[in-house]
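Fold and contact review
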Amino acid sequence: MEKNVDIFLYGKKYSVPESLTIMGAMEYAGYRLVRGCGCRNGFCGACATIYRIKGKQELHACLACQTQVQEGMYIATLPFFPLVKQVYDINKIKPEQQIMMQLYPEIYACVGCNACTKACTQGLNVMQYIAYAQRGDFKKCAEESFDCVMCGVCSSRCPAGISHPQVALLARRLNGKYLEPKSEHLLERVKEIAEGGYDKLIEDIMNKPLDEIKELYNTREIEK
């Protein structure tokens with residue numbers, strides 16, 4: 001029989017198979033996951049989780065769908081963190097340093113503690129991309145933050161109250177609209193879609209059995 005480990009979900013003790021992820025262990029323990037479960041493969045950021053190991057002081061951050069349970073793990077999920085999300089029209093703002101000062105002035109209160117980087121579930125250098133944003137270097141900020149899944153764990157540890165994912169998203173939008181070269185083939189593809197060129201193909205795929213759709217996905221040609 002598979003070995004079990006003792007974990008604590010929201011303070012209550014459970015014995016679960018050691019091979020399970022935190023998300024799997026929660027369902028095994030009887031929790032019905034309505035929020036905070038997303039894609040279940042570690043890319044959507046919906047299942048942000050914090051935990052400590054019994055007897056140790058360090059607080060860890062992770063995604064519940066990709067982190068295996070450990071003996072003595074005290075777990076609490078963080079399916080939503082109240083980030084500051086400013087409203088702006090991307091067509092009316094420009095890639096200038098002043099826009100960060102106007103929309104996210106709290107980034108200039110960064111104390112350099114690096115708690116955001118240490119907490120990142122994707123291992124990103126969060127403090128560095130905030131430094132790029134401070135200097136108005138949106139291209140570098142966009143590149144450094146490209147793999148952000150918007151889980152919000154970095155912001156939950158920030159003493160300056162910075163909404164790092166939203167800062168990064170603004171940088172990527174500015175970079176994509178104003179700084180990166182225009183992708184002509186993408187514009188052509190969008191036009192084809194808008195004109196209905198793929199409606200029949202999409203309808204055919206939607207009418208296929210699920211197993212056949214999975215096979216098409218797994219054997220698709222991937223561009224290098």
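The coordinates are above.
Scoring rules and cut-offs
Residues numbered from 1 in each chain as written. Predicted model: local features only at pLDDT ≥ 70, side-chain atom pairs only at ≥ 80, totals over all residues. Heavy atoms only, no water. Helix = DSSP H or I, 4+ residues; strand = E, 2+ residues; numbered from the N terminus. Buried < 20%, exposed > 50% of the residue type's maximum accessible area, 1.4 Å probe, protein only. Core = buried A, V, L, I, M, F, W, Y, C linked by side-chain atoms within 4.5 Å. Contact = heavy atoms within 4.5 Å. Phe/Tyr/Trp six-rings, centres within 6.5 Å; stacked < 30°, edge-to-face > 60°.

Considering the environment of Cys120
Following the sequence through the fold, Cys120 ends up in the loop between α3 (115-119) and α4 (126-135). Of the residues examined, Cys120 reaches a relative accessible area of 17% and is grouped as buried. Sequence separation of Cys120 and Phe146 is 26 residues, and the distance between their C-alpha atoms is 13 Å.

Focus on the nonpolar core
Counting 27 residues, the largest nonpolar core has Ile7, Val16, Ile22, Met23, Val69, Met73 and Ile75 as its most contacted members. Within the residue set of this core, elements represented by two or more residues are β1 (4-9), β2 (12-17), α1 (22-28), β3 (48-53), β4 (60-63) and β5 (73-77). Ranked by residues supplied to this core, first place goes to α1 with four residues. Sequence-distant contacts of Met73, defined by excluding residues within four places in its chain, comprise Asp6, Ile7, Phe8, Ile22, Tyr51, Arg52, Ile53 and Gln68. Counting 25 residues, the second largest nonpolar core, distinct from the first, contains Tyr104, Ile130, Cys141 and Ala168.

Some points on the packing of aromatic side chains
Overall, the coordinates contain three aromatic pairs when judged by the stated rule. On the numbers, 5.8 Å between centres and 50° between planes, the contact of Tyr10 with Tyr31 is tilted. Of the two residues, Tyr10 is situated in the loop between β1 and β2 and Tyr31 in the loop between α1 and β3; the sequence distance between them amounts to 21 residues. Consider the rings of Tyr14 and Tyr31, whose centres lie 5.9 Å apart with planes at 70°: the pair is edge-to-face. A residue pair is termed long-range when its members are at least 10 positions apart, and Tyr14 in strand β2 and Tyr31 in the loop between α1 and β3 qualify at 17 residues.

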